[in-house]
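This is what each chain is made of:
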Amino acid sequence: MTTKNPNRLGRSVVFVDGVRTPFGKAGDKGIYAETRADDLVVACIRELMRRNPSLPPERIDDVAIAATTQTGDQGLTLGRTAALLAGLPQSVPGFAIDRMCAGAMTAVTTTASGIGVGAYDVVVAGGVEHMGHHPMGAGADPNPRFLTERLVDPAALNMGNTAENLHDRFPEITKERADRYAVGSQAKLAAAIEAGKIQPDLVPVATKRSGAGWNVQTADEPPRPGTSMEDLASLKTPFRAHGRVTAGNAAGLNDGATASLLAAEDTAKELGLGVKMRLVSFGFAGVDPSVMGIGPVPAAEKALAVAGLGIEDIGLFEINEAFAVQVLSFLDHFGIADDDERVNRFGGAIAVGHPLASSGVRLMTQLARQFEEDPSVRYGMTAMCIGLGMGAAVIWENPHHAEYGA
């Protein structure tokens, strides 16, 4: 084991709690078709406050909420509007943030840095994406210089194409292998749901449909338990004729929101708040946008270097499954087997969904649950690829480990 560097943040930052809405399928038939994006965030913030009654609302120093398409019901300085709608005091400020798929992850690392330098004591950080109301890229106007000056490959503007490009770069990652990984993700999520490991962090959401009245959503909509290799073999490859990326080995188009509560460790102790994880380090990195899925590799290397750790020190991984090939390229780089029990124990985005900017906190809540049930693991990592050629990784320490904080 490599010697760990001292915490480079001035104060120890802890993950107190995290919640999310059930994830829905985007579109007219999805569970959130007639539900506002900001209301999904509000439900998460209110649940955090309900679950942590010892936290005086006025002690929250900022609210950072991410969205990729910042318009309509997920625009207008979303962190501030969500804070007001959730009933937090008017003294609590807020802001919006955008790093595409890593929006919530960036909301966490940005506000955690504020805690580290003493600007904050307690923050709320999360994200939302209502892809039914705001499809990725809707209303965007990419500068024509990207193409006319060949700054990026045209394929970089379509995430599915970048995944096909990653298959080209790593031909050993075949469609069959990607499908096998996807089947495993579905099976692991189904087992986690059956064991009650997902439900504790889901926020029930009241929804209304024209002509159908009110309902309460308590479960994720995207999972397809029982998916087989035969099921996936028959799916079309929409991004390339005879390609390898399908709807079965990639995350779908989804709606959902997440929120987390972060605090300085001394403040958490003062207020009687629980500690589920301690932030050790994080890294963001840029890569060729045409193979954006490789981004988590250099990001993880950065985070490991800052922490003074090696990949062998990471006992649990929560890697966002935007595409199976993206996860597999990460595992191959670090010499980790496709079915390694440390990776996505509760399944991943291929099964549960990926509402873009919200997903980073989902990874964190799932890692926190695994820390709680497995105190033998000291360090875990949450990581994800990011559109336009980036990657992100955050390393966390398990407070249940015997050497925590040593």
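For clarity, every value in this text was computed on a predicted model and none was experimentally measured.

**Quick notes on the layout of surface pockets**
The gaps of empty space that remain are located by a probe, the size of a water molecule, rolled over the atoms. The volume enclosed by the largest pocket comes to roughly 1,100 Å³. Lining of the largest pocket is provided by 43 residues; of these, M100, M131, M136, M159 and L356 occupy positions nearest its centre. Of all elements in the fold, only helix 5 (159-169) and helix 11 (349-352) reach the threshold of two or more residues within the lining of the largest pocket. Per-element accounting of the lining of the largest pocket gives the leading share, three residues, to helix 11. Among the residues forming the lining of the largest pocket, the class breakdown is 30 nonpolar, ten polar and three charged.

**Here we look at the packing of helix 9 (residues 296-307) against helix 10 (residues 324-333)**
With their axes 9 Å apart at the nearest point, helix 9 and helix 10 run at an angle of 45 degrees to one another. With respect to helix 10, the axis of helix 9 lies oblique. Facing P296, V297, A300 and E301 of helix 9, the residues of helix 10 in contact are Q326, S329, F330 and H333. Its residues assigned to classes, the contact of helix 9 with helix 10 shows four nonpolar, three polar and one charged.

**Section: the side chain of T382**
Mapped onto the fold, T382 is located in strand 11 (residues 379-386). Here T382 falls in the buried class, since its relative accessible area comes to 0%. Looking at T382, its side chain comes within polar contact range of the side chain of W396, at 3.2 Å. Sequence-distant contacts of T382, defined by excluding residues within four places in its chain, comprise M105, E318, L363, M364, L367, A392, A393, V394 and W396.

**A few points about the pattern of salt bridges**
Enumeration over the complete set of coordinates arrives at 27 salt bridges. Between D332 and R177 there is a salt bridge, with its nearest N and O atoms 2.6 Å apart. With D332 in helix 10 and R177 in helix 6 (residues 175-194), the pair connects residues that are 155 residues apart, well separated along the chain. Taken together, the salt bridges that share partners define one network made up of D17, R51, D201, K276, R369 and E372.

**A look at the packing of aromatic side chains**
Scanning the entire structure with this criterion turns up four aromatic pairs. With centroids separated by 5.8 Å and ring planes inclined at 80 degrees, the aromatic side chains of F15 and W396 adopt a geometry described as edge-to-face. Here F15 is found in strand 1 (residues 13-20), whereas its partner W396 is found in strand 12 (residues 390-397), with 381 residues between them in sequence. The exposure class assigned to F15 is buried, which follows from its relative accessible area of 0%. On the basis of an interplanar angle of 70 degrees and a centroid distance of 6.2 Å, the ring pair of F317 and F330 is categorised as edge-to-face. Here F330 lies in helix 10 and F317 lies in strand 10 (residues 314-319), a separation of 13 residues in the sequence.

**Some details on the UniProt feature "active site" (unreviewed entry) in the protein chain**
In the UniProt entry, the feature "active site" (unreviewed entry) is given for C101, H354 and C385. Across 285 residues, the annotated set stays spatially compact, with a maximum C-alpha separation of 11.9 Å. Set against the largest pocket, the annotated residues that line it come down to C101 and H354. Locating C101 in the fold gives a position in the loop between strand 4 (94-97) and helix 3 (103-116). Taking relative accessible area as the criterion, C101 reaches 8% and is therefore assigned buried.

**Structural notes on the nonpolar core**
Formed by 46 residues in total, the largest nonpolar core has its most connected members in F317, F323, F330, L331, M381 and I395. Elements represented by at least two residues in this core include exactly helix 5, helix 6, strand 9 (277-286), helix 9, strand 10, helix 10, strand 11 and strand 12. Leave out the neighbours within four places in its chain, and L331 touches I319, I336, A337, D338 and V343. With 38 residues, the next largest nonpolar core counts V108, A264, L316 and M384 among its residues.

**Remarks on empty space enclosed by the protein**
Evaluated as defined, the whole model comprises two cavities of 30 Å³ or more. Here the largest cavity defines a volume of roughly 70 Å³. In terms of lining, the largest cavity is formed by R20, K197, I198, D201, L202, F346, R362, T365, Q366 and R369. Residue contributions to the lining of the largest cavity peak at four residues, all from helix 12 (residues 359-373). Forming the boundary of the second largest cavity are F15, G18, D201, K276, T365, A368, R369 and E372. Among the elements of the structure, strand 1 and helix 12 are those that each provide at least two residues to the lining of the second largest cavity. Ranked by residue count, the leading element in the lining of the second largest cavity is helix 12, at four residues. Considering only residue class, the lining of the second largest cavity consists of two nonpolar, two polar and four charged.

**Comments concerning the environment of G118**
Within the fold, G118 resides in the loop between helix 3 and strand 5 (122-130). Counting along the chain gives 108 residues from G118 to G10, while the straight-line C-alpha distance between them is 7.4 Å.

**Thoughts on the UniProt feature "domain: Thiolase N-terminal" (unreviewed entry) in the protein chain**
According to UniProt, the "domain: Thiolase N-terminal" (unreviewed entry) feature falls on residues 13-266. In the segment residues 13-266, helix accounts for 31% and strand for 19%; the C-alpha atoms at its two ends are 9 Å apart.

**Details of unusual backbone geometry**
Look at H242: it is not a glycine, yet its phi comes out positive at around 60 degrees. Positioned with a positive phi, N344 is a non-glycine residue whose angle comes to about 45 degrees. Within the element layout of this structure, N344 appears in the loop between helix 10 and helix 11. A relative accessible area of 0% places N344 in the buried class.

Definitions and cut-offs
- Residues numbered from 1 in each chain as written.
- Predicted model: local features only at pLDDT ≥ 70, side-chain atom pairs only at ≥ 80, totals over all residues.
- Heavy atoms only, no water.
- 1 Å grid on protein atoms, 1.4 Å probe; cavity = no way out; pocket = protein on both sides within 12 Å on 5 of 7 lines; lining within 4 Å.
- Points joined across faces, edges and corners; volume = space filled by probe spheres on them.
- Helix = DSSP H or I, 4+ residues; strand = E, 2+ residues; numbered from the N terminus.
- Nonpolar A, V, L, I, M, F, W, Y, C, P; charged D, E, K, R; others polar.
- Axes fitted to C-alpha atoms, helices over the stretch in contact; angles between N-to-C directions.
- Parallel < 35°, antiparallel > 145°, perpendicular 65-115°, else oblique.
- Contact = heavy atoms within 4.5 Å.
- Buried < 20%, exposed > 50% of the residue type's maximum accessible area, 1.4 Å probe, protein only.
- Polar contact = N/O pair within 3.5 Å; in protein donor to acceptor, adjacent residues only side chain to side chain.
- Salt bridge = Lys/Arg side-chain N within 4 Å of Asp/Glu carboxyl O.
- Phe/Tyr/Trp six-rings, centres within 6.5 Å; stacked < 30°, edge-to-face > 60°.
- UniProt positions renumbered as here; feature names shortened; annotations may be inferred.
- Core = buried A, V, L, I, M, F, W, Y, C linked by side-chain atoms within 4.5 Å.

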